[in-house]
Amino acid sequence: MAGVGGLGGGAGREPTLQVALNGSRGAGDGGAVPLSPADLAESALAAVAAGAGEVLVHPRTPCGRESLSPRVVGPVLAELRGAGVRVPLAVPAGVAAEPDPAGRLERVRSWTVLPDRAVVSFAEAGAEPLGRALLERGVAVDAVVPLGGGAGAEPLARFLAWSPPGFGRVRLVVELAEADPALVAGLRWLPPVPVVLYGREGAAWPVLRLAARCGAGARIGVGEVLSLPDGRPARSNAELVAAAVLLWGRVRTTAGNR
């Protein structure tokens, strides 16, 4: 991994491990997926106790549809904070919750309870104004850029061309189709923002190992993968986070001994 290190976002800043509580999962994906606001809060608390430094939650209506409505986002955030979740909370602001770019802008501008961070996909139309609107409201932005797997160069180019009011509250979140060091080697030349790497399903654990070697942050949780590194089904987000912390430490120790 020579030449790929230093993606954590600055000297003295420890890489972040974010837990993805639910993602696009539903009841049919098994008992490890928290569904109700109370279940999400309980899962978040256990994941933080296991070592997660941030929580990503997809707010949903009672019928299970993702939503950016303040009547949905606010109560979920309030439930987590009221339960004692004290780490930063993030929500996605994407097409799954609101297909229309103008509708996404309207929704985030109407939020009455604000998350600490919001996830904005630069593979989706309207990412730039949406990101600016969030920053103007005091919400930090996780700018998601997919790499590999036929994603193409446009999302990364769109992020590089973006002119937010300062990059101090922006983080680059790279979704990798596979744990290929060549895909992240060029990230050294991007603006000096923190970087988080993550993969889905079969790529989740290899990408987490890559993030540990790179010094980047990482994301894990049932929102991304339902199995542990050894292939066993995960029983909870906390179990996934605990496995990630253990794996992270082993990789970092091995890399430091080279």
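All values derive from a computational prediction rather than experimental measurement.

1. As for the overall build of the protein
Across its full length, the protein carries 8 helices and 8 strands. By the compact-globule yardstick of 18 Å for 258 residues, the protein fits well, its C-alpha radius of gyration being 17 Å. Classification of the 258 residues of the protein by burial places 51% in the buried group. Across the protein, the fraction of contacts at a sequence separation of at least 24, relative to all contacts at a separation of at least 6, is 68%. As displayed, the protein has an accessible area near 11,000 Å², and 54% of this comes from carbon and sulfur atoms.

2. Regarding the pattern of salt bridges
Under the definition given, this model contains 13 salt bridges. For the salt bridge of Glu54 with Arg171, the shortest nitrogen-to-oxygen distance reads 2.7 Å. With Glu54 in strand β2 (residues 54-56) and Arg171 in strand β6 (residues 170-176), this pair connects stretches of sequence that are 117 residues apart. According to the relative accessible area criterion, Glu54 is buried, its value standing at 7%.

3. A closer look at the nonpolar core
Grouped together as the largest cluster of nonpolar side chains are 75 residues, with contacts concentrated most on Leu80 and Leu197. Take this core: its biggest share by element is 8 residues, from helix α7 (residues 204-214). With sequence-adjacent residues up to four places away left out, Leu80 is seen in contact with Leu21, Pro37, Leu40, Ala41, Ala44, Val55, Val57, Val85 and Leu89. Counting 8 residues, the second largest nonpolar core, distinct from the first, contains Leu56, Val144, Val173 and Tyr198.

4. Some words on the confidence of the model for the protein
Chain-level statistics for the protein give a pLDDT mean of 91 and a share of 93% at 70 or above. Note on residues 1-5: pLDDT is under 50 here. Beyond four places in sequence and across chains, it has 13 contacts.

5. Focus on unusual backbone geometry
Residues other than glycine seldom take positive phi values, yet Glu201 does so here, at roughly 50°. By the secondary structure assignment, Glu201 is in the loop between β7 (195-198) and α7. In this structure Glu201 comes out as partly exposed when scored by relative accessible area, which is 40%.

6. Section: the pairing of strand β8 (residues 217-220)
Where burial is concerned, the two faces of β8 agree: the one with Gly217 and Arg219 and the one with Ala218 and Ile220 are both buried. As judged from the 3 bridges shared by strand β1 (residues 17-20) and β8, these two strands associate in the parallel manner. Residue pairing across strands places Gln18 opposite Arg219, the latter belonging to β8. Of the pairings in the sheet, the one linking β7 to β8 comprises 2 bridges and is parallel in character. Looking across to β8, one finds that Leu197 is bridged to Ala218. The β-α-β motif built from β7, the intervening α7 and the parallel element β8 has right-handed crossover chirality.

7. As for the pairing of strand β4 (residues 117-121)
Within β4, 5 of the 5 residues are buried, leaving the element largely enclosed by the surrounding structure. Relative to β4, strand β3 (residues 89-92) runs parallel, the two sharing 3 bridges. From the neighbouring strand, Pro92 faces β4, where its bridge partner is Val119. As a crossover connection, the stretch from β3 through helix α3 (residues 101-109) into β4 is right-handed. Where β4 meets strand β5 (residues 140-147), 5 bridges bridge the pair, whose relative direction is parallel. Residue Val120 lies in a different strand from β5, and its bridge partner there is Ala143.

About the cut-offs
Residues numbered from 1 in each chain as written. Predicted model: local features only at pLDDT ≥ 70, side-chain atom pairs only at ≥ 80, totals over all residues. Heavy atoms only, no water. Helix = DSSP H or I, 4+ residues; strand = E, 2+ residues; numbered from the N terminus. Rg over C-alpha atoms; globule rule 2.2 N^0.38 Å. Buried < 20%, exposed > 50% of the residue type's maximum accessible area, 1.4 Å probe, protein only. Contact = heavy atoms within 4.5 Å. Areas by Shrake-Rupley, 256 points an atom, 1.4 Å probe, with all protein chains shown as cover. Salt bridge = Lys/Arg side-chain N within 4 Å of Asp/Glu carboxyl O. Core = buried A, V, L, I, M, F, W, Y, C linked by side-chain atoms within 4.5 Å. pLDDT = per-residue confidence, 0-100. Pairing = 2+ DSSP bridges. Right-handed = clockwise from strand over helix to strand, strands pointing away.

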